[in-house]
Structure formats: structure tokens, C-alpha cells
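Letter by letter, the chains look like this.
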Amino acid sequence: MTVASNSRFANPACQASAATLKGRRSTMDFASSSDLMISAAREPRSAPVDRVEAAFATAGTRAARHVFIGLDKDRIRADAVRSQRRWQSAAHLSALDGVPVAIKDNIAEAGVVMTAGSAVLRDGPPQVADAAIVARLKRLGAVPFGRANLSEVAFSGLGLNPHFGTPCNAVDPEANLVPGGSSSGCAVAVALGLVPLALGTDTSGSGRVPAAFNGIVGYRPSRGRYPEKGVFPLAPGLDTPAVLGRAVADCVTLDELLSGEKALPVEPRAELVVPETVVLDGLDPAVSRQFDDALACLANAGFAIRRRGLTSFEWLSEAMARHGTPVTAEAAETLRAYADNPRIDRRVRHRLQQGLAQGPDARAVLDTARQAAQMALAEELGNACMVFPTVPIQPPRIADLEADDAAFARCNALVLRNTMLGSLLDTPAISLPFMSHGRHPIGVQLSMRQGRDRPLLALARAIERHFQNMRQAG
């Protein structure tokens, strides 16, 4: 979707957030690192049980309503007690032992019903086995903390859910702004401090968009870095587990343990490329201003920044303008049985029906365009890192999108526009929070070519520090 570069998004619902937040004070220190992860090593004797009890207290507040679809407190307490005993006997399994991690409710957990945010699956049988990535977490001693809410079947970047309720954006819960999706519950749980980390998924931006809207870190790895077995499929050629956290260091710790690859040292310098194709079009003025400030921060820190058009972005955008998006086509094929089910959210049904209308010829053209664009990007980017706004706008009000399905569709397409390009190119990407003006942070996305996850995470740690230093300097 291309928007004129000299205009704001025309939907009034997506323009309402600035007025809604004017004069309000954010209650969240989005730039702080996670004390919870650090305390796992600092206070091993008492931390696991204390952490989950504190999280239960926060989960019962108004700000946390609709964050979880399920929260089995007895099970969580039992896991925390076992972890505490391991620490007391110096038999802890990893640095993650006893750390609560929210699990998106489209990732299987043995003995628990996996709803994928859908009323159709709410009364299904419990899962017989853990998803491969949940099994890894448990072997590391992590405490799965609740079944986090999401857009139905993970098919929206806004986070609205008519069946289980919609979590409110954590930056200002009283403003009733969208949380972003589809990993809405994961992002809000992390942002409110219930958990230091959450395990979500990312197909077109489902981890990075809610991370940007809630002022936290969201990391989409290269596909195949984490196992996908046991994840409810949306578009299997694009789906991947994703990590959401309050700080890059926590995401790096989890990535090391899940991938088995040791993290690289912090990388203080790298060439940064700002794409001038599509991703800067039609930015909300508040996003544009803060993104310019983020670039100025990095330039002052000594980073070389180059602006250029990208043929890979152009090819993909033109193909999607003619034939629709690959994710919609693939999701429609995967979830064909849901397209006419009246129990499915009407907006999800509409997107699935659009995907079925694309047809096999369109999907073949889109697959060819993806392959060509991936090869082009490898030549265009080399070892440089792309940097651009994760989401072109700031979060709109929930009520405005609930009242207007056409506005919902336009807004959903726009919030996923930038992140989707990276997903189609299989670029590992991480969204970092940044705020220099106003009352709401933006997400700044860093991404490298396929497979360069460790260099990306090392660079993200350095850039996060520069953003924090700027914030602290006032």
C-alpha cells in the first residue's frame, strides 16, 4: 500500500491518538532495562515465587484487563516453587530459570487449550504436547506465565479481539488506544511489567507492531532460527516465533538460550541505510519528527547514515499493489474452512475471503517477486543495517476502529506496511522504542539481510544505549 508522501493517513480514527494523548503523561518508563531478568541471578533464593506473585497482583488491575485469555495460577506457582528450590540447591537450569515468560495463545502448551484467540477453538481439547519452542523454554527452567491474548488467529496488526476483549495500550491505558497485534497480550504484559519477556509470533509484523505501539522491544528472527512446530499456522511460509521484551539485553539472553548461539559483543558502529522507498511515505507528523530525532541521535553518535531507494522494496510493493499480499493469499489457503464461519470475527472473514479471491496465479506471481526481491536486497544492502519507522502512525483509538470496518481495514494495512516488507524478504528485524516529543514513543526498526541475526542484535544493544542516553540527557 502506497500513501502520498505529503499527507497523513486520511482515516480520522488513526488521527485521533494525538488529540487523545495531548496533555496526558505516560505512566511507563519504556526505556528501562528489565530488573526482573537481572534479579533471577541476583536474588535466586526468593525471586521466582516473589516475581510471579507480584505479576499476579498486576494482572488483576484495570490496566491489565484482557491481557490474558487464561492464567492458571496454581500451575504457575508450582513451577515457580520448583525453580526456587533449584536455585536454593545451586541446581538451576539456566539464567532463565524461574523467569516468567508470557506465551501467546497460538503456541501450544501441553495440557492447555490453545484458542488462537478464536471462539471456534475455545472449547477444543487441551494440547497433548508443548510446541517445540515452549519445550525449550521449560528445559531452561522458564515459567510459562499465562496464555496471552491476540487478534483472532493472529490475522491483524491492530490487536482487536471481539471474543476475549481487547487489551488497552500500556503507554496510557485510560486513553483506550489499540495495543497493536497480533501479539497484543504479549506486548502489554511486558510493557506493564508483568513479565520481562514474552513469546509471540510474527508473520507480517505481529511482534514488532505491538512492541512499537507499547514502547518495548520486539524481535523477529530469520525464519528457521526458532522451531515452528506446535505454532498455530497462519501463513506457514512467513510465520515465525518472536520475542518481546523490555530491553535488548533480555531478548539477547533468550535468543542465546533458544538458538544455542553465543551472542556477539556489542557492535558500536555499522553503516545504516534509510530506505526512501515506501517506508517513509505518509508518516504521521509525530512519527516523522521523532524518527528524524532518532537519526540525529545516531549521527551524533558517529554512525554513517545513507539514504537510498531500494529496488527490492519497489518490486514487492508494485507486485502487492497488483495482486494483493502474499500473507493474505497464504492465510486464506491455510484457514479456508474459517472464511465463511459466522463465529469468526467479521473482519478476519473478510480478509480470508479477499485471499481466496486472489487465486493461485496471483500467489505464483507474488512468490516469484519475493524470490527476486530477496536476491536484490542481498546485493543492495550487503552487511549494512536498514533503519526506518516500525509503524508509520501512532496508535488509534479502539472505539473508532470498532465502529468502522473500512477504517479498520485501511488502518490495518498501513500499520503492517513497513514490517511486512521485511517479513517477505526474511530479514531479521528488531523494533526499538524511541521518544523525544509528545506522549507516545515510536518504534525504530533495525533490520539486516537474512541470517544476520547475531550482528543485528549486537548493533541493537549499542543503538538502544544511545537512545537511552539521549532520553536521560533530556
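Residues numbered from 1 in each chain as written. Predicted model: local features only at pLDDT ≥ 70, side-chain atom pairs only at ≥ 80, totals over all residues. Heavy atoms only, no water.

## Side note on the overall build of the protein
- Along the protein, the regular secondary structure elements total 15 helices and 11 strands.
- Scaling as 2.2 N^0.38, a compact globule of 474 residues should have a C-alpha radius of gyration of about 23 Å, and the protein matches this with 21 Å.
- Taken along the three principal axes of its C-alpha coordinates, the protein extends 60 × 55 × 45 Å.
- The buried share of the protein, taken over its 474 residues, is 59%.
- Residue pairs in contact within the protein that sit at least 24 positions apart in sequence constitute 79% of those at least 6 positions apart. (Helix = DSSP H or I, 4+ residues; strand = E, 2+ residues; numbered from the N terminus. Rg over C-alpha atoms; globule rule 2.2 N^0.38 Å. Buried < 20%, exposed > 50% of the residue type's maximum accessible area, 1.4 Å probe, protein only. Contact = heavy atoms within 4.5 Å.)

## Considering helix α6 (residues 184-191)
- For α6, a buried count of 8 out of 8 residues is recorded, marking the element as mostly surrounded by other parts of the structure.
- Looking only at α6, the buried set comprises S184, G185, C186, A187, V188, A189, V190 and A191.
- Structurally, α6 contributes buried residues whose contacts are with β1 (68-70), β2 (100-104), β3 (143-148), β4 (197-201), α7 (208-214) and β6 (241-245).
- The positive-phi residue at the C-terminal boundary of α6 is G193, with phi of around 85°.

## A word on the nonpolar core
- Grouped together as the largest cluster of nonpolar side chains are 66 residues, with contacts concentrated most on L137, I430, L432, L446, I463 and F467.
- The next biggest cluster of nonpolar side chains, apart from the first, holds 40 residues, and it includes V178, V209, F388 and L414. (Core = buried A, V, L, I, M, F, W, Y, C linked by side-chain atoms within 4.5 Å.)

## Observations concerning the pattern of salt bridges
- Within this structure, the stated rule accounts for 22 salt bridges.
- Its salt-bridge partner being R147, residue E109 comes within 3.1 Å of it at the nearest N-O pair. Of this pair, E109 sits in the loop between β2 and α5 (132-139) while R147 sits in strand β3, and the two are 38 residues apart along the sequence.
- In this structure E109 comes out as buried when scored by relative accessible area, which is 6%. (Salt bridge = Lys/Arg side-chain N within 4 Å of Asp/Glu carboxyl O.)

## A closer look at the packing of aromatic side chains
- Throughout the structure, instances matching the rule amount to 5 aromatic pairs.
- For the pair F68 and F145, a centre-to-centre distance of 5.7 Å together with 65° between the ring planes defines the contact as edge-to-face. Within this pair, whereas F68 is found in strand β1, its partner F145 is found in strand β3, the two being separated by 77 residues in sequence. By the burial criterion, F68 is buried, and F145 matches it.
- Ring geometry for Y219 and Y226: centres 6.4 Å apart, planes at 85°, overall edge-to-face. We note that Y219, like Y226, is buried. (Phe/Tyr/Trp six-rings, centres within 6.5 Å; stacked < 30°, edge-to-face > 60°.)

## Digging into the state of the cysteines
- Counting across every chain of the model gives 0 disulfides.
- With no disulfide of its own, C251 lies closest to C186 among cysteine sulfurs, the gap being 12 Å.
- Overall, C251 belongs to the buried group, its relative accessible area being 0%. (Disulfide = S-S within 2.5 Å.)

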